[in-house]
Amino acid sequence: MTTFTLDERLERDGIPIASIGLCQMRLMNDRRWPWLVLIPQRGDISEIFDLTPLDQTMLTFETNMVASALKKVTGAEKINVGALGNIVRQLHVHVIARSNGDPNWPGPVWGFGKSEPWSEKDHQAFAARILENL
């Protein structure tokens, strides 16, 4: 079994919140969108089907748990969930709260405008609310 090492881009772009079981949960450092990323803590995994059946089940469970908490905390109209990985090959799942009127609604969050980093106080408060609702 290979050791889990977080991709440097995921580490750079996300603020760690917690390890919730299988996944490390991080907050994307762009306050324009409430945007969480789940990274299964398994080495050399790039696709969901590369996970064991048990890990696939855990990933689904944790994704749904986080998506539900994000919706509750934000009141978003839509929660988008996706595992793309065209650039960052390490398996990671984006869970993004979207609402009518947010920046670039209804377009994608990727590549739009300039990111606006979270303040320390605001990201800690947001993370605490997510954790309370898991």
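The structure this text deals with has already been given above.
Colleague: Help me understand helix α3 (residues 120-132), please; the structure alone is not making it clear to me.
Modeller: A turn of α-helix holds 3.6 residues, and therefore any two residues three or four places apart point the same way. In a regular helix each residue adds 1.5 Å, so 13 residues correspond to 18 Å; α3 covers 18 Å between its end C-alpha atoms and thus fits that length. All buried positions along α3 are accounted for by His 123, Phe 126, Ala 127 and Ile 130. Angularly, the buried residues of α3 cover 100° about the axis, an arc narrow enough to put them on a single face. Pointing more than 90 degrees away from the buried face of α3 are the exposed residues Lys 121 and Glu 132. Close packing links the buried residues of α3 with β1 (14-19), β2 (23-28), β3 (35-40) and α2 (53-74).

Colleague: Is there a simple way to explain the side chain of Asp 7 in this structure?
Modeller: As for its placement among the helices and strands, Asp 7 is situated in the segment before α1 (8-13). Assessed through its relative accessible area of 15%, Asp 7 is described here as buried. Polar side-chain contacts of Asp 7 include one of 2.8 Å to the backbone nitrogen of Arg 9. When near neighbours in sequence (up to four residues on either side) are disregarded, Asp 7 contacts Val 88 and Gln 90.

Calculation criteria
Residues numbered from 1 in each chain as written. Predicted model: local features only at pLDDT ≥ 70, side-chain atom pairs only at ≥ 80, totals over all residues. Heavy atoms only, no water. Helix = DSSP H or I, 4+ residues; strand = E, 2+ residues; numbered from the N terminus. Expected span 1.5 Å × (residues − 1). Buried < 20%, exposed > 50% of the residue type's maximum accessible area, 1.4 Å probe, protein only. Arc of directions from axis to C-beta. Contact = heavy atoms within 4.5 Å. Polar contact = N/O pair within 3.5 Å; in protein donor to acceptor, adjacent residues only side chain to side chain.

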